[in-house]
Amino acid sequence: MAAGVARVVLFAICASLSYTAAVTCPDLPADTTAAKLSLIAATYNTTSTQQLAFNGTQGWGPTLRLTLGQLYQIDVTNADIQEGTTVHWHGQRLLNASWADGAAGLTQGAIPPGGTFTYRFLAEPAGTHWYHSHMMGQFGDGLRGALVVTDPADPLKEFYDEDQHLMLLADVFNSSLAQQLASHQAGSAPMAMCAGMDISDAPFYAIEINGQSFTSTGRAAVFIVKQGKQYRYRTVGGMSSWALRVSVEGHNITLIALDGHPIAPAAATAFEVNSGERADFVLTADQPVANYWINVATMTGHNSPAILHYEGAPDPATDPAFSESSFTSSFGCLDTNQPGVVGLKQAAALKAGPNVPSPPQESSRQITLYLANAGSNPVPASFAESATLASNAYGFSASSAATLPTAGSALCPEARQGAYCWSINWKVFQMPPQLPIYSAANNGSAIGTAADNAYTITLKQGEVVDLALINTGYMVHPMHLHGASFWVLAAGVGNILAPDGTINTTAAGYNLVDPAFRDMISVQTARIASDAAMVSRNGHDGMGTMLEASDVAGLNTSGSSQPMDSGSASASAGGGHGGHGGGNPTPMQSPPNNFVAGPSNGGHGGHTPMVPISPDDLGYAVIRFRADNPGVWAFHCHIDLHAMSGMMMLFTVAPTVSTTNTGWYAPAGLQCTM
Ligand SMILES: [Cu+2]
């Protein structure tokens, strides 16, 4: 079937990125103090919206509830996934255990079919986290699960009575991530836009909450509460693309943690969550005994709700007011400035909560990272000039800068098709030819040679690093740092850089008192300065020429003949999602007016880069972290299509310890060398 073909295609992509020989992964030497768990990754259903699964479960894999400070040993077996697999423990620090980070091609090779890799790490920090495959495309195809680290001395305990509710959010598709990427590279994928902003480059099919939605499984998730009690909800943004807004009909909520770390309680009517982010909130069941909708909508307004059920209210399964045909299926494009909504514009102002460490008041290293589509976001003149300085703000050599595109000429590297190649500082990430890990086997030596396309910055152990993240386009990028949490010192829209690319800290306006501590930062889009500028937009981040849907009435049906829709046809035939009456609109079949369709890239010849955006209109965030965890750590966009197509880089924290101290090295032979 098409899906099987897609897995082969993905394997081919990986192979081209030097996933060569699969080797066995020896067991870790026994440690009797470790608590033992196991996961099995396997093909699930290649004709459904979920192609892969952990432990054979529909929806998310088993929830791992770990205790803060306990050592865990987790055996991950790959039953039959041909291109291999790995598991990343998203949000876990993995102090001195970079080898167990699960970043395929970076800290370990893929676990081959029939192979088992044993991970071992200390559970910290506490909070709501998750685990997922770190092979490209696989978490969006189903390899994801919740990981909750509980703290017996939870500083948030006073805010809630009950802590049993997990709200696991996922976007599911009728095409694999590999198919979606191929469509973009062929320049034939649909794009969702609102008010000139690029909302998603994945096709909308359905949003699942805890593995359920009217569209994909025929029923909504139900959360049971008892009147008068306060509930902690642990939300995990397991989407591979779509950002979501969550609100509970008739109830306000209070956010108490982001990415597992406490924040000062923040009341909200709704909150937004991007790919990879977690949000804990408290819901007080203080309304009349009844059923209520929990609306979970994309920013284009597609709603896939769950149900809040008070004990004593009618059974929602038989309550006609909560049937598939009775909810609001579309709100239209959502207003990102609506009062009471905590979205990424407001998240920048959220403060640290109890027990969160204060940031170091000074940094010893500043690095500027532009987030751009190398295929269509032109290089600003100031970047092109400052990148050639011997000591530039971008952490690469002047000779490396010579290989970067010049202003206005940005295009994907030859090896990447079309104009779809996301980048950091116009470097399109490619996997290094060898694992760049520090290990006893290579005596602690650093990155392999010929890894220039694997954009890598080496940090000194103990360094305090500021990253200025500059968004040059009209699409949000939820960036994730492995191996450390960071303080969000500043975020907004404007120019925070000096002409040489270094950070103008005055302009950035740091919060050095009580900034939130996170492992995700969703960087705001550039501002569309005027209606005229919006109308004149002649391209966008993801592809070349794009047209507003209102200008291409009738054109949007072109999607039905595109590669990514071949999965649509088979999924429809098998699952029959078309028959849900008043349920969610499915843009693949009936695009709403906020979707636009190709033609797109013109990457070869017809490509027209976007007009540069004024430096005053760029989105930005500045984060600070302490490079105190030796090893190799990925930094990447969590939108999987973006990471897959190049929006990734590496930080390596060089050892200052003696090479005879192998405590943080990969145990010999364990790394499944590529
Ligand atoms: Cu991105």
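Treat the numbers as computed from the prediction; the structure is a model and nothing was measured. (Residues numbered from 1 in each chain as written. Predicted model: local features only at pLDDT ≥ 70, side-chain atom pairs only at ≥ 80, totals over all residues. Heavy atoms only, no water.)

Enquirer: Sorry, what's going on with the sheet that holds strand 6 (residues 116-122) here?
Expert: The strands making up a sheet associate through hydrogen bonds between their backbones, and the pairing can be parallel or antiparallel. Here we have 4 strands laid out as an open sheet, ordered 2-1-4-6, and mixed in their pairing. The open sheet has two free edges, formed respectively by strand 2 (52-54) and strand 6, since each of these has just one partner strand. On average, adjacent strands in this sheet sit at an angle of 20 degrees to one another, irrespective of strand direction. (Pairing = 2+ DSSP bridges. Helix = DSSP H or I, 4+ residues; strand = E, 2+ residues; numbered from the N terminus. Axes fitted to C-alpha atoms, helices over the stretch in contact; angles between N-to-C directions.)

Enquirer: Looking at this structure, how should I read the coordination of the copper ion?
Expert: When a metal carries six donors in an octahedron, the ideal angles between them are 90 or 180 degrees, while four donors in a tetrahedron ideally lie at 109.5 degrees. Surrounding the copper ion are the protein donor atoms His477 (ND1), Cys637 (SG) and His642 (ND1), which sit 2.0 to 2.1 Å from the metal. Looking at Cys637, the relative accessible area reads 0%, which means it is buried. (Donors = N, O, S within 2.8 Å, 3.2 Å for Na, K, Ca; no water. Buried < 20%, exposed > 50% of the residue type's maximum accessible area, 1.4 Å probe, protein only.)

Enquirer: Looking at this model, I keep getting lost on the confidence of the model for the protein chain. Mind explaining?
Expert: Interpretation of the predicted coordinates at a detailed level should be avoided for regions scoring low in pLDDT. Mean pLDDT over the protein chain works out to 81, with 78% of the residues at or above the 70 mark. Confidence over residues 440-450 falls short of pLDDT 50; this stretch has 19 contacts with residues more than four positions distant or in other chains. Considering only residues more than four positions removed or in separate chains, one finds that residues 538-608, a stretch of pLDDT under 50, has 156 contacts. (pLDDT = per-residue confidence, 0-100. Contact = heavy atoms within 4.5 Å.)

Enquirer: In this structure, what is going on with the pattern of salt bridges? I would like to understand it.
Expert: For side chains bearing opposite charge, pairing can occur when the charged atoms are close. Counting across every chain of the model gives 15 salt bridges. A salt bridge links Arg93 to Glu124; the shortest N-O distance between them is 3.5 Å. Of this pair, Arg93 sits in the loop between strand 5 (88-90) and strand 6 while Glu124 is found in the loop between strand 6 and strand 7 (127-132), placing the two residues 31 residues apart along the sequence. You can call Arg93 partly exposed: its relative accessible area is 23%. Of the charged contacts, one joins Asp163 and Arg234 as a salt bridge, the two residues approaching to 2.9 Å between their closest N and O atoms. Taken together, the residues span a long stretch of sequence, with Asp163 in strand 9 (residues 162-172) and Arg234 in strand 14 (residues 230-237) at a distance of 71 residues. (Salt bridge = Lys/Arg side-chain N within 4 Å of Asp/Glu carboxyl O.)

Enquirer: Quick question: what am I supposed to make of the pairing of strand 26 (residues 463-471) here?
Expert: Both faces of the sheet carry side chains from a regular strand, because those side chains alternate between them. Of all 9 residues making up strand 26, 9 are buried, and the element is well covered by its neighbours. The side-chain alternation of strand 26 yields two buried faces, one formed by Glu463, Val465, Leu467, Leu469 and Asn471 and the other by Val464, Asp466, Ala468 and Ile470. Of the strand pairs in this sheet, strand 26 and strand 32 (residues 619-627) are connected by 9 bridges, and their pairing is antiparallel. Counted as the bridge partner of Leu467 is Ile623 from strand 32.

Enquirer: Hey, could you run me through the pairing of strand 16 (residues 253-258) in this one?
Expert: Of all 6 residues in strand 16, 5 are buried; the element is thus mostly enclosed. Where strand 16 and strand 19 (residues 278-284) come together, 5 bridges link them in antiparallel fashion. Within strand 19, the position partnered with Ile253 by the bridge is Leu283. Of the pairings in the sheet, the one linking strand 16 to strand 17 (residues 261-268) comprises 5 bridges and is antiparallel in character.

Enquirer: Looking at this structure, I do not really get the sheet that holds strand 33 (residues 631-637). What am I missing?
Expert: If you walk across this open sheet you meet the 5 strands as 25-34-33-27-30, and the pairing is mixed. The open sheet has two edge strands with one neighbour each: strand 25 (456-460) and strand 30 (520-523). With strand direction ignored, the average angle separating the axes of adjacent strands in the sheet is 20 degrees. Sheet topology note: the strand 33/strand 34 (residues 648-654) ladder contains 6 bridges and is antiparallel. Residue pairing in the sheet places Trp633 in a bridge with Phe651 of strand 34.

Enquirer: Would you mind showing me how to read the nonpolar core here?
Expert: Generally speaking, nonpolar side chains in soluble globular proteins are found buried as a group. Of all hydrophobic cores here, the largest spans 153 residues; its most connected members are Trp89, Leu308, Leu369, Leu467, Phe635 and Phe651. Apart from the residues within four sequence positions on either side, Phe635 is in contact with Leu369, Ile424, Leu467, Leu469, Met479, His480, Leu481, Ile623, Met648, Met649 and Phe651. In terms of nonpolar packing, the next biggest core, distinct from the first, is built from 9 residues, Phe139, Val148, Leu168 and Val236 among them. (Core = buried A, V, L, I, M, F, W, Y, C linked by side-chain atoms within 4.5 Å.)

Enquirer: Quick question: what am I supposed to make of the state of the cysteines here?
Expert: Note on terminology: a disulfide is the covalent bond linking the sulfur atoms of two cysteines. According to the stated counting rule, one finds 2 disulfides in the structure shown. Covalently, Cys194 is tied to Cys333 through a disulfide, its sulfur atoms 2.0 Å apart. The sign of the -80 degrees torsion about the S-S bond sets the Cys194-Cys333 disulfide as left-handed. Of this pair, Cys194 sits in strand 10 (residues 191-194) while Cys333 sits in the loop between strand 21 (306-310) and strand 22 (341-342), and the two are 139 residues apart along the sequence. The class for Cys333 is partly exposed, based on a relative accessible area of 38%. Between the sulfur atoms of Cys412 and its disulfide mate Cys421 the distance is 2.1 Å. Taking the sign of the torsion about the S-S bond as the criterion, the disulfide between Cys412 and Cys421, at about -100 degrees, is left-handed. (Disulfide = S-S within 2.5 Å.)

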